[in-house]
Amino acid sequence: MHHLMAKDHRKLSDFLSKLNTKAFNGQSQGDMFKCINDFIRLVEEHFEKEEKVMNNIDYPQMLEHIKEHARLLDQLKTMKNQLNKGQTPFGDECMSWLKDWFYQHMTHADKKLDDFLLEHMDNEKVL
Ligand SMILES: [Fe+2]
Ligand SMILES: [Fe+2]
């Protein structure tokens, strides 16, 4: 895997594990809300980075990938708002939704980008 993806994806995945631990150690909904906010910030930074890279290398599936990022962020923010309004308590359901949300994108759209990077790019030049 390209080092950009590997490092960021590990960070995001670690954050989700942390969230998981917190959720099952009786953190308040307010604390969970703050964590989700931090997670959203990390995701935004990561998406921006990927989008910059795609733009730099004229990645053929860039628009499609960017659209998916926008959709994913939108879903994440909707989830955050529901948490904030107390409509959804943070629990098993939220956690598995988040994991799916993350792994689906990583194993499909990001995997394609990663393959393209590895095939066409010199690691040091792109990033
Ligand atoms: Fe990614
Ligand atoms: Fe992505």
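Quick notes on the rules
- All residue numbers refer to position in the chain's written sequence, counted from 1.
- Chains and ligands are labelled sequentially in the order written, the chains with letters from A and the ligands with numbers from 1.
- Predicted model: local features are reported for residues with pLDDT of at least 70 only, side-chain atom pairs are reported and counted for 80 or more only, and whole-chain, interface and lining totals are derived from all residues.
- To qualify as a helix, a DSSP run of H or I must reach at least 4 residues; to qualify as a strand, a run of E must reach at least 2; elements of each kind are numbered from the N terminus.
- Expected span of a helix: the number of residues minus one, times 1.5 Å.
- Three exposure classes are used, all based on how many other C-beta atoms lie within 10 Å of a residue's own C-beta (placed from the backbone): buried at 20 or more, exposed at 12 or fewer, and partly exposed between those limits.
- For helices, the axis comes from a line fit to the C-alpha atoms of the stretch in contact; other axes are also lines fit to C-alpha atoms, and the angle between any two N-to-C directions lies between 0 and 180 degrees.
- For classification purposes, angles smaller than 35 degrees are called roughly parallel, those larger than 145 roughly antiparallel, those between 65 and 115 roughly perpendicular, and all remaining angles oblique.
- Note on contacts: each residue gets a C-beta atom placed from the backbone, and two residues are in contact if those atoms are within 7 Å.
- Polar here means any residue outside two lists: the nonpolar Ala, Val, Leu, Ile, Met, Phe, Trp, Tyr, Cys and Pro, and the charged Asp, Glu, Lys and Arg; Gly therefore counts as polar.
- The arc in question is formed by the directions pointing from the helix axis toward the C-beta atoms.

Caption draft 1: View of the overall build of the protein. Counting its secondary structure elements, the protein contains six helices and zero strands. With respect to the principal axes defined by its C-alpha atoms, the protein has extents near 45 × 25 × 20 Å.

Caption draft 2: Geometry of helix H2 (residues 29-56). Over its 28 residues, H2 runs 40 Å from end to end, which matches the ideal 40 Å to within 8%, given 1.5 Å per residue. For H2, the set of buried residues is Ile36, Val43, Glu50 and Met54. In the segment just after H2, Asp58 is the residue with positive phi, at about 50°.

Caption draft 3: Quick look at the environment of Glu119. One can find Glu119 in helix H5 (residues 109-120). A C-alpha to C-alpha distance of 40 Å links Glu119 and Phe33, two positions 86 residues apart in sequence.

Caption draft 4: Here's a closer look at the packing of helix H1 (residues 3-23) against helix H4 (residues 92-107). It is the contact of H1 with H4, at a shortest axis distance of 11 Å, that shows an interaxial angle of 170°. Classed by the angle they form, the pair H1 and H4 counts as roughly antiparallel. In this structure, H1 uses His9, Leu12, Leu16, Asn20 and Ala23 to contact H4, whose residues at the interface are Met95, Leu98, Lys99, Phe102 and Met106. Grouping the constituent residues of the contact of H1 with H4 by class yields seven nonpolar, two polar and one charged.

Caption draft 5: Representation of the packing of H4 against H5 within the structure. Put simply, H4 and H5 touch, their axes get as near as 3 Å, and they point 30° apart. Relative to H5, the element H4 lies roughly parallel. From H4, His105, Met106 and Thr107 reach across to H5, where they touch Ala109, Asp110 and Lys111. The residue makeup of the contact of H4 with H5, split by class, is two nonpolar, two polar and two charged.

Caption draft 6: Fine view of the environment of Glu64. Following the sequence through the fold, Glu64 ends up in helix H3 (residues 62-84). In this structure Glu64 comes out as exposed when scored by C-beta crowding, with 11 C-beta atoms within 10 Å. Along the chain, Glu64 and Ala109 lie 45 residues apart, while their C-alpha atoms are 8.8 Å from each other.

Caption draft 7: Quick peek at H5. With twelve residues, H5 should cover 16 Å at 1.5 Å per step; its first-to-last C-alpha distance of 17 Å lies within 8% of that length. Among the residues of H5, Asp110, Leu113 and Leu117 are the ones counted as buried. The buried residues of H5 all sit within an arc of 65° when viewed along its axis, so they share a single face. Within H5, the exposed residues directed more than 90 degrees away from the buried face are Asp115, Leu118 and Glu119.

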